[in-house]
Structures are given as structure tokens and as C-alpha cells.
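# A structural walkthrough
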Amino acid sequence: MAELVMAIVLLGMIVTVTVMVFTRMLASTSKTTNQTVGLVFAQRRLEQATQIGPPETPGGPGWGISDPSEVLAEGVYTPDDRLQTTFWNRLTVQSLDERSVMPDGGRKMGDLYRLRVEVYWWASDPDNPQPIVRQGLGVQKVELETIYYYQRMKD
């Protein structure tokens, strides 16, 4: 009789551990899928910004953004086709040049910039989206940045 009780307890422990492992694997797969989609959004946003380039005049629109604090939202169906996840992205641009600006808005040989994109999902407030931390999954965002040199030809 004692052997039967021990076997049932051992079987119960094995089933519990197996269920917990598969639950963790499912959560990890979901986060990995969202990170992949977020990375694709970030890469696309950086490509669009570098194709548009910096503003031609100081203070003018450039990089495809008119307001530096703007946050763009896009919905995508992942990982379940029935549920739509909204991904927010924010592009920030920082000039890395310490040289003085020429009268026409650029520097003598060109300009050096750092472009950074944050993409996040599962935001707590759609009106003011901010990345959140979910228990067991961590921060729900990806960041991607690049250094961009804009060459200016001067006479």
C-alpha cells in the first residue's frame, strides 16, 4: 500500500512539473514572436527615416517625423490570427557632431546622427503608451539604433 501511495505522489509531481515546463515554453514562444515582429517594425522604421534623411533647414521636418515626441501605432495579428496586438514605435534622433553649424543648416563635410527606435507592445495606456514589464516575461519592448552619416557636398 505504501508503494502505491509513493507511486501516485511521484506521478503527481512529474505531471505538475511537466505542465509547468510546457506553460513556460508557451509564454516564451509568445514573447519571442512579439520580439521578432517588434524588431521588423524597428528595422523598417529606421530604413524609412534614413531614406528621408535629415531636415534640409534647421528646425524643419526630417527623418519622416514632424513632432519628436510622436508615437506611431500599428496593429498586427500575432501569434494568434484572432487577436490583434498593437505595436507602438518612437523614433528619436540625436546629432553627434560637435562642430558648428553652417549658415545653410549643415556642417562643412556632413552630419553625424544617432537614430534610435523603440518598439513596444502590451502598453498599459493607449493614449500615452509606455513599455511595461509583465511577470515572467520581462520588458515588452525592443530597441534598435544606428549611426547615420549624411554627406553634404559644398563648393
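Predicted, not measured: the structure shown is a model, and the values here were computed from it.

The helix and strand tally for the protein chain stands at one helix and six strands. Counting helices and strands in the order they occur from the N terminus, the protein chain gives α-β-β-β-β-β-β. Looking at the protein chain as a whole, 28% of its 155 residues are labelled buried. Restricting to contacts in the protein chain with at least 6 residues of sequence separation, those with at least 24 account for 59%. Carbon together with sulfur atoms contributes 60% to the accessible area of the protein chain, which is approximately 10,600 Å² in total.

Nonpolar side chains collect at one region of the surface, where Met1, Leu4, Val5, Ile8, Val9, Leu10, Met13 and Ile14 lie side by side and expose about 830 Å² of accessible area between them. With respect to the helices and strands, the residue Met13 is situated in helix H1 (residues 2-52).

If you look at the biggest cluster of nonpolar residues, it comprises 17 residues, and the most contacted ones within it are Trp63, Leu91, Leu115 and Val119. For this core, the secondary-structure elements that each account for two or more residues are H1, strand E2 (85-95), strand E3 (110-121) and strand E6 (141-151). Aside from chain neighbours lying at most four places away, what touches Trp63 is Ala49, Thr50, Ile52, Gly53, Pro54, Pro55, Leu91, Val93, Tyr113, Leu115 and Tyr148.

Time to look at the sheet that holds E2. Strands pair in a sheet through their backbones, by hydrogen bonds, and they do so in one of two ways: parallel or antiparallel. Judged by pairing direction, the sheet is antiparallel, and its four strands sit side by side in the order E1-E2-E3-E6 without closing on themselves. In this open sheet, the two strands that pair with only one neighbour each are strand E1 (72-76) and E6. Strand-to-strand twist across the sheet, computed as the mean angle between neighbouring axes with direction ignored, equals 25 degrees. The pairing of E3 with E6 spans 11 bridges and is antiparallel. Following the sheet pairing, Arg116 is matched in E6 by Glu145. In the packing of H1 onto the sheet, contacts are made with E1, E2, E3 and E6, and the angle to E3 comes to roughly 150 degrees.

Turning our eyes to something else, we now look at the confidence of the model for the protein chain. In this model, the protein chain carries a mean pLDDT of 80, and residues with pLDDT of at least 70 account for 83%. Here strand E4 (residues 133-134) is the element of the protein chain with the lowest mean pLDDT, 72, and E6 is the one with the highest, 89.

Within the structure shown, the criterion is met by four aromatic pairs. With 5.5 Å between their ring centres and 45 degrees between their planes, Phe41 and Phe87 make a pair best called tilted. With Phe41 in helix H1 and Phe87 in strand E2, this pair connects stretches of sequence that are 46 residues apart. With a relative accessible area of 10%, Phe41 lands in the buried category. Summarising the aromatic geometry, the rings of Trp63 and Tyr148 are spaced 5.2 Å apart at their centres and angled 80 degrees between planes, so their arrangement reads as edge-to-face. In this pair, Trp63 sits in the loop between H1 and E1 while Tyr148 sits in strand E6, placing the two residues 85 residues apart along the sequence. The pair formed by Trp63 and Tyr148 is uniform in burial state, with each residue classed as buried. Cluster of aromatic residues (ring-pair linked, three or more members): Phe41, Phe87 and Trp121.

Thresholds, definitions, all that
Residues numbered from 1 in each chain as written. Predicted model: local features only at pLDDT ≥ 70, side-chain atom pairs only at ≥ 80, totals over all residues. Heavy atoms only, no water. Helix = DSSP H or I, 4+ residues; strand = E, 2+ residues; numbered from the N terminus. Buried < 20%, exposed > 50% of the residue type's maximum accessible area, 1.4 Å probe, protein only. Contact = heavy atoms within 4.5 Å. Areas by Shrake-Rupley, 256 points an atom, 1.4 Å probe, with all protein chains shown as cover. Patch = residues over 30% accessible without salt bridge, like charges linked within 9 Å, V, L, I, M, F, W, Y side chains within 5 Å. Salt bridge = Lys/Arg side-chain N within 4 Å of Asp/Glu carboxyl O. Core = buried A, V, L, I, M, F, W, Y, C linked by side-chain atoms within 4.5 Å. Pairing = 2+ DSSP bridges. Axes fitted to C-alpha atoms, helices over the stretch in contact; angles between N-to-C directions. pLDDT = per-residue confidence, 0-100. Phe/Tyr/Trp six-rings, centres within 6.5 Å; stacked < 30°, edge-to-face > 60°.

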